[in-house]
Structure formats: C-alpha cells, structure tokens
Amino acid sequence: MTTPEQTAAAIGPWASAAEAYQLLTVDVPAEHWIEALTAARDGLGLTYFDWLSAVDELGEGFSVCAHLAAAGDGGAVRHLLLRTRVPRDGASLPTAAGVYAGAGWHERETHEMFGIGFEGHPHLVTLLLPDGFEGHPLRKEFVLAARVAKAWPGAKEPGESDHGDGPARRKMQPPGVPDPNEWGPLKGTLPPVAERPARGARTPRAGAATPAASAEGAPAVRADRPRRTRSITEGSTSQAAEAAPAPAAATPPASDAPWHSPVPAREEPAPQTPQESPESQDSQDGDSA
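Bear in mind the structure is a predicted one, so any value in this text is a computation, not a measurement.

## As for the sheet that holds strand 2 (residues 23–27)
So, step 1. On the basis of which strands lie adjacent, the open sheet formed by five strands has the order 1-2-5-4-3 and mixed pairing. At either margin of the open sheet sits one strand with a lone partner, and together these are strand 1 (16–20) and strand 3 (48–56). The sheet shows a mean angle of 25 degrees between the axes of neighbouring strands, direction not considered.
So, step 2. Pairing analysis gives 10 bridges linking strand 4 (residues 62–71) to strand 5 (residues 77–86), with the strands arranged antiparallel. Counted as the bridge partner of S63 is R85 from strand 5.
So, step 3. Against the sheet, helix 2 (residues 33–42) contacts strand 3, strand 4 and strand 5, and its axis sits at roughly 175 degrees relative to strand 5.

Set out below in structure tokens:
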C-alpha cells in the first residue's frame, strides 16, 4: 500500500497529495493537467475513468476534478481524485479526451454548466441544455429564475386549495435568488421590505441607583430597598420578630351537595343482642332459690 507522498511523487514533483474520508486527492497545477492524467494512467495503473466535473470556488476560481480508479486482484478497487485549479476569468484546460476517451462527454457537460473551456476537444457543443440557453446553471452567481417567479418556500402547487402567495409578509429569498422587486416579472411592483427598527437604549427604572453612585465593579442596588443580609429561614427584614398567631381553621361552607354529607344508600339493621335459652334461665332460677 502506497502512502500519499509516494503517490504524489509517482505523478510528478509538482504534485501534492492528501487523504480524507478514505479518498486520496492529488492536486496538480493546471499547466501539468494532461501530464498528471497520463502519469496516473501509465504509472499508477488507473485505467478506469469514472467522471470529471468542477466546483465553483467563487473568488478562487474553479476546481476541476477527475475521479480515476483501478480494479486489483480479489476485487479490490483503488481510487484517486486528481484535482487542479483554473482562474475564473478565461477558465480553460486542455482536453483529456486523448488520455481517457470517456472524458469527452464529461467535459461537454462541465463546459455548459460552468463555462470552462477545454482546448482541443473534438466536439465541444451543447449536451444537456436547450438551444439558446444563456448562462451556466452551476455557477453560484447564476440567477434561479424559477425561484423568482414562484414563491419560496412553502408555496403550494397550482390547483391545490388555498394556493395563494401566503401571508402578506415578505419571505426571505434563498441563496442565489435576487429580490423579486429588482429582477423578474414583478420588478417594481412590490412594496419595499420594511427594515427592522433598531432597539433603543434601555432607560433605568425609577429610584434605581446610577452606575456612578454604586461601587466600582459592584452591581447597582436600588436606593429604596436595603441589601438583603438575612437568610431565608430568618425571613425578610420587614417581617415582625414574633411569630404571627396561626389562623383559625376555616369552617367548610354549608352545602347540600351529597358528597359533603355522605349517607349510606340503605339503612343497615341494628345489631341484635344474643338471647338466653330457657334451660339456662331455669338453672339460674334454681341457683337463686
């Protein structure tokens, strides 16, 4: 298994490599782009061309990336991402179709989506966009016209119930969408967005001590209320020393509700006392005689 430094050295002395998320990325200068692709194919055995695309880096230009791979013994696959940087103005690279034939299709897509030219391409024409389309949709400054014409987000599709434009409050626009009052079919017809009023300075309460009157570094204390020095169990300073007498138990209010004076549902029979048998009564009379 080769290290990132060994892989970069195999591609060229001007290459630098780094590995992240189990993917090895090699950065090369734009003037060595074809040379780096050839070294990856012939020197590292990366004969499979997977895809080529770009990333809009705004002020730093465009990053053009090519993903290469090679199938080894036992089904193991080696991956490599070859990357270069081109300026935003006049972005151009020599075509890689002579090294990898499959790069021709991807270069056509990258050309119309980002506006990057590929010198020497045999057929650099429109691939996906309709004829007469203006602009490059994957550039970050490209205006999303569909988002301007249709409310975003949360708007219902036409034909659904209550699919109006929602509440009167203006919604925030997503990145890449201009203000519909400045661009699009509703230009100049919408009211301006009201700015949020600035929060004024808080005024001190009546009777509150000013910072100058309080000690430096200590919190301000109200002048009409002394500082608390008693514990919670001792009570407050305004509480009387003697404990107040306990209030008398309140009598429940008179009520004819059945749950206030419960009675049994039926009268229970009074308990009966056991009666003595006639034999015991005769014996008691004989004893008394």
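## Quick notes on helix 1 (residues 4–11)
So, step 1. Turning to helix 1, its buried residues are P4, T7, A8 and I11. Projected onto a plane normal to the axis of helix 1, the buried residues spread over an arc of 95 degrees and lie on a single side. Structural note: helix 1 exposes E5 and A9 on the side pointing more than 90 degrees away from its buried face.
So, step 2. Tucked inside the fold, the buried residues of helix 1 contact strand 1, strand 2, helix 2 and strand 5.

The rules behind each value
Residues numbered from 1 in each chain as written. Predicted model: local features only at pLDDT ≥ 70, side-chain atom pairs only at ≥ 80, totals over all residues. Heavy atoms only, no water. Pairing = 2+ DSSP bridges. Helix = DSSP H or I, 4+ residues; strand = E, 2+ residues; numbered from the N terminus. Axes fitted to C-alpha atoms, helices over the stretch in contact; angles between N-to-C directions. Contact = heavy atoms within 4.5 Å. Buried < 20%, exposed > 50% of the residue type's maximum accessible area, 1.4 Å probe, protein only. Arc of directions from axis to C-beta.

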